[in-house]
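Tertiary structure, described
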Amino acid sequence: QIESDQSGATVVVDGQQREGTTPLPPLGVNAGTHTVRVSKEGFEAYQEQVLVAGGQRKTVAARLKPLSKVGRLVIKEASGKTLDIVIDGAVVGQTPVYQATVAVGPHSVFLRGKDKLGTPPSAASVKENQTSTLTLSAVELDSEIRIEPTPTNATVFVDSVQIGSGIWEGRLQSGTHKIEIAAEGFTPYRGDATLTKGKKELVKVSLERDLSNPMWQAGFVPHIYAEAFAGLALAPGFGGGADSGCSGSKCKSKSLPLGFMGGVRGGYELLRGLGVEVGFGYLYMAEKMTRTIDAIGDRNVIFTSSNYKDQTTIAGLLLMVSASYRLLDKTPLTFRVSAGVARLRAVFKNGGTFSGDVRNPCDPMINPTTCDPNETTTVTQTFSIAEEPANIWVPFVAPEARFGIRLAKKISVDFGVALFVMLAPSAVRTGKPTGDAFTNINKSEGQRAFQLNDVPGAFQNPPSDARPGIVNLPKEDGFGTFFGIMPTLGGRFDF
């Protein structure tokens, strides 16, 4: 039911003018929110958003105030055709020439006639005590469009012309038109609508809330939330001696550290979008490579392996604290910075086939006629050296960005990528004792030794065995500072 203190006022509901003027009988509408505009020449237009439930009757009491600042608006049709003139959604007169006193400011103007004749909306800016003239040329408007914004009080622009607030329905020429929708507290929408001749296009746009706008703070309640996440973990390398040793021609093959990471975090949203969090997770990564390496034997004999396989595996728990900021409502965009520490167990494995030239161990002072100290034989043996695992504390920092979608009021899912900067200690690789003969030598930090087998009858002058003795792998660090890239899927529940 629409009431007005001025008779003869025009009523526009959801962009469509109702027949007749005030007073009017009750108007039937669908349940929902509607935009009602009541206007009359010489008065300020009255506009209200009305929410009507099914079977309910609402009353709109429009009180029209006389215009305090006015100007004159003259509207002409270029060729003198007779068409209805629509100003701000209401038919106010007809061409070929029309003039009226209107409020100062911008107005939306278009013409409508028979047989789809008319003009697209145009903007008219009226200044106080001045006359503004608008000349329009009628053309065939061969397509229709209906624009339904959410929220329903959003301002609608078509081809940069403001045509009102709420639902708008009208005729345009076929082709592509620019649609813009804006409302306070929401992120503006800009897009294109392609209209086809003889058809009607429906454009529904739901604006995303701009959570940085103060208007949303009033209804916000600080609360607890919980998140779970899981995904891949990969890195360019662990930054240790193995990575630096596998370079150029010495590196036969190398797989980048790869694994997985998962965890949970709990947070408290202090202000809308701003949260502080604690969490823990589990990380596993493994790196494999095949490279060329030299081991040093007795009397500085060099044993070379071109198929030396090296593997490093890390696994353990992560503890972290973080701060996050979340934007948008239906498609949350989250930025997070985390810091924490990981307790990782590092396991090293190695092995390869080594070859080296071993000299005849005979003494020419004892056997001057039969000893040839320059006689050599090539000793080739395959072995691996057991290494002690390392339990290390690894501090880290991790910036992260995530993009998601809200499934329900309290539930959302997202995808994100975090960059972990792992400040790992060097963790020198050390051999593991494998018997009485090596108990002491393997306890030395960085010592990785192996007893090669004797080769019976390897020398002829005089006949003797080759005794290559103990070989040592070079000292290497297990780690250095390295970067981990963690793409994960996650879910969030707001309590």
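One can find the structure itself at the top, above this paragraph.
The text that follows walks through the structure, step by step, so that each part is easy to find. Given the structure is predicted, the values throughout are model-derived calculations rather than measurements.

Glancing now at a nonpolar patch on the surface. The grouping of Ile224, Tyr268, Leu270, Leu271, Leu274, Val276, Ile405, Leu407, Ile411, Val413, Phe493 and Phe495 at the surface amounts to a nonpolar patch, some 1100 Å² of accessible area in total. For the nonpolar patch, the elements supplying multiple residues, two or more each, are strand E24 (251-271), strand E25 (274-296) and strand E30 (411-422). It is E24 that provides the largest number of residues to the nonpolar patch, a total of 3 residues.

What the rule picks out here adds up to 1 disulfide. The partner cysteine of Cys246 in its disulfide is Cys251, sulfur to sulfur 1.8 Å. Between Cys246 and Cys251, the disulfide has an S-S torsion of 60° and is therefore right-handed. Under the relative-accessibility criterion, Cys246 is labelled buried at 8%.

Quick look at the pattern of salt bridges now. All chains considered together, the criterion is met by 27 salt bridges. Of the charged contacts, one joins Glu169 and Arg146 as a salt bridge, the two residues approaching to 2.8 Å between their closest N and O atoms. Residue Glu169 is found in strand E19 (residues 168-172), and its partner Arg146 is found in strand E16 (residues 143-150); the two are separated by 23 residues along the sequence. Residue Arg146 is classed as partly exposed on the basis of its relative accessible area, which comes to 22%. Between Arg406 and Asp329 there is a salt bridge, and its shortest N-O distance comes to 3.5 Å. Here the residue Arg406 occupies a position in strand E29 (residues 390-406), and Asp329 occupies one in the loop between strand E26 (302-327) and strand E27 (333-359), the gap between them amounting to 77 residues.

Right, let's get into the nonpolar core. In terms of nonpolar packing, the biggest core is built from 27 residues, with Leu283, Met285, Ile314, Phe420, Phe479, Phe482 and Met486 touching the most fellow members. Every element with two or more residues in this core is listed here: strand E23 (223-234), E25, E26, E27, E29, E30 and strand E35 (482-494). When residues in this core are grouped by element, the largest group, 5 residues, is from E29. Ranked by size, the runner-up nonpolar core spans 21 residues in total, among them Leu172, Phe186, Leu195 and Trp216.

Let us look at the sheet that holds strand E7 (residues 70-77). Ordered by their spatial adjacency, 3 strands build an open sheet running E10-E7-E14, and the pairing between neighbours is mixed. The two strands at the open ends of the sheet, each matched to only one other strand, are strand E10 (97-103) and strand E14 (131-136). Within the sheet, the average angular offset between the axes of one strand and its neighbour, ignoring direction, is 25°.

Reading guide: rules and limits
Residues numbered from 1 in each chain as written. Predicted model: local features only at pLDDT ≥ 70, side-chain atom pairs only at ≥ 80, totals over all residues. Heavy atoms only, no water. Patch = residues over 30% accessible without salt bridge, like charges linked within 9 Å, V, L, I, M, F, W, Y side chains within 5 Å. Areas by Shrake-Rupley, 256 points an atom, 1.4 Å probe, with all protein chains shown as cover. Salt bridge = Lys/Arg side-chain N within 4 Å of Asp/Glu carboxyl O. Helix = DSSP H or I, 4+ residues; strand = E, 2+ residues; numbered from the N terminus. Disulfide = S-S within 2.5 Å. Buried < 20%, exposed > 50% of the residue type's maximum accessible area, 1.4 Å probe, protein only. Core = buried A, V, L, I, M, F, W, Y, C linked by side-chain atoms within 4.5 Å. Pairing = 2+ DSSP bridges. Axes fitted to C-alpha atoms, helices over the stretch in contact; angles between N-to-C directions.

It is worth stressing that arrangement in space is one thing and function is another; only the former is reported here.
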